[in-house]
Amino acid sequence: MRTLILVAALLLGACVQQPVYRTVDTPFETASIELDRYLGLWHEQARLPNQFERGCVRATAEYGLREDGLVSVLNTCVEEDGSTRDANGRARWADAEGEGKLKVSFFGPFWADYWVIDRADDYSWSIVSEPRGRYLWVLTRAERLSAGERAAFEERVRAHGFRPADLLWASYQGA
């Protein structure tokens, strides 16, 4: 019976579609990445609304190299009351190594696209999406942004076909 309930829940979850936020149809070009430079701790500065981060006021993503050659993924959500919840996953190259297209999995055999669509030359920031534009994250190595940095990210996001007004920005009130 538990298996049947789990399968039903998964099927119901698959029916709930994340909206497409991107305003243009042109395909993304991804940024090349050197994995050893991309690994480490990233602070989520902004994201498009999504189900799995509901209630998060800020979040981090930490990437490391696993013994099996995959990438470990630890996403930590900080809720308004200061409590945290973690999601552990793994990532792998989607196509050719280094082209900025990865696949990430947090649940069994199910993999999702993780495309680095823009990044700083020094790997101090990264913008991540997926091919259709349903998800978007602005990640930085720095914990907080200045007003000028936020404005610059809004312009970059707009250049990739997203509306900055749709973004949820990290909150540090009470932190």
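Here, the structure is the one placed above.
Everything numeric in this text was worked out from a predicted model, so none of it was measured.

Peer 1: Explain unusual backbone geometry here, please?
Peer 2: The bulk of non-glycine residues show a negative phi, and the bulk of peptide bonds are trans. Its identity is not glycine, yet Tyr123 carries a phi of approximately 60°, on the positive side. Residue position: Tyr123 is located in the loop between strand E6 (110-119) and strand E7 (125-129).

Peer 1: Looking at this model, I keep getting lost on the pattern of salt bridges. Mind explaining?
Peer 2: Once the charged atoms of two side chains with opposite charge are near each other, the side chains can pair. In the structure shown here, the tally under the stated rule is 11 salt bridges. Where Glu154 meets Arg150, a salt bridge forms, and the shortest distance between an N and an O atom there is 3.2 Å. Taken together, the positions of Glu154 and Arg150, both in helix H3 (residues 147-159) and four residues apart, correspond to about one turn of that helix. When its relative accessible area of 22% is taken as the criterion, Glu154 is described as partly exposed.

Peer 1: Mind showing me how you'd approach the state of the cysteines here?
Peer 2: Working definition: the covalent bond between the sulfur atoms of two cysteines is a disulfide. Scanning all chains against the criterion turns up one disulfide. The residue that forms a disulfide with Cys56 is Cys77, at a sulfur-sulfur distance of 1.9 Å. On the S-S bond that ties Cys56 to Cys77, the torsion sits near -125°, and the link is left-handed. Of the two residues, Cys56 is situated in strand E2 (residues 56-65) and Cys77 in strand E3 (residues 71-79); the sequence distance between them amounts to 21 residues. The same class applies to Cys56 and to Cys77, which are both buried.

Peer 1: Is there a simple way to think about the pairing of strand E5 (residues 101-107) in this case?
Peer 2: Sheet faces and side chains relate simply in a regular strand, where the side chains alternate between the two faces. Looking at chain direction, strand E4 (residues 84-93) and E5 are connected through four bridges and run antiparallel. Opposite Ala91, over in E5, you have Val104 as the bridge partner. Counting the residues between successive antiparallel strands, the hairpin from E5 to E6 contains two residues, one of them, Gly108, with a positive phi of roughly 50°.

Peer 1: When you look at the environment of Leu39 in this model, what are you seeing that I'm missing?
Peer 2: When you line up the elements, Leu39 lands in the loop between helix H2 (35-38) and strand E1 (40-47). The class of Leu39 is partly exposed, set by a relative accessible area of 22%. Taking the C-alpha atoms as reference, Leu39 lies 8.4 Å from Val71; in sequence the two are 32 residues apart. Contact partners of Leu39, with chain neighbours within four places excluded, come to Tyr63, Gly64, Leu65, Val71 and Arg141.

Peer 1: Help me understand the pairing of E3 in this model?
Peer 2: As paired strands, E2 and E3 are joined by nine bridges and run antiparallel to one another. Of the residues in E3, the one forming a bridge with Arg58 is Val78. Between the antiparallel neighbours E2 and E3 lie five residues, among them Gly69 with a positive phi of about 90°. Bridge count between E3 and E4: eight bridges; the pairing is antiparallel. Considered in E4, the bridge of Val73 is made with Gly89. Taking the residues between adjacent antiparallel strands as the criterion, E3 and E4 are bridged by four residues, where Gly82 takes a positive phi near 90°.

Peer 1: What should I look at first to understand a nonpolar patch on the surface in this one?
Peer 2: Residues Phe106, Phe107 and Phe110 make up a contiguous nonpolar surface patch of roughly 310 Å² in combined accessible area. Tracing the backbone through its elements, the reader meets Phe110 in strand E6.

Conventions we followed
All residue numbers here refer to positions counted from 1 along the written sequence of the relevant chain. Thresholds applied to this predicted model are a pLDDT of at least 70 for local features of residues and 80 or more for the giving and counting of side-chain atom pairs; totals over whole chains, interfaces and linings are not thresholded and use all residues. Excluded from the side-chain calculations are hydrogens and water; all other atoms, namely the structure's heavy atoms, are used. Numbering of helices and strands runs from the N terminus; a helix is a DSSP stretch of H or I covering at least four residues, while a strand is a stretch of E covering at least two. For this analysis, a salt bridge means a side-chain nitrogen from Lys or Arg found within 4 Å of a carboxyl oxygen belonging to Asp or Glu. In this scheme, a residue with accessible area under 20% of its type's maximum is buried, one over 50% is exposed, and one in between is partly exposed, where area comes from a 1.4 Å probe on protein chains only. Count a disulfide wherever a pair of cysteine sulfur atoms falls within 2.5 Å. Strand pairing follows a simple DSSP-based rule, namely that at least 2 bridges must link the two strands. Contact definition: two residues touch when any of their heavy atoms are within 4.5 Å. Patch membership requires more than 30% relative accessible area and the absence of a salt bridge. Residues of like charge join within 9 Å; the nonpolar side chains Val, Leu, Ile, Met, Phe, Trp and Tyr join within 5 Å. Accessibility throughout is a Shrake-Rupley quantity obtained with a 1.4 Å probe, and a residue counts as covered only by protein chains that appear here.

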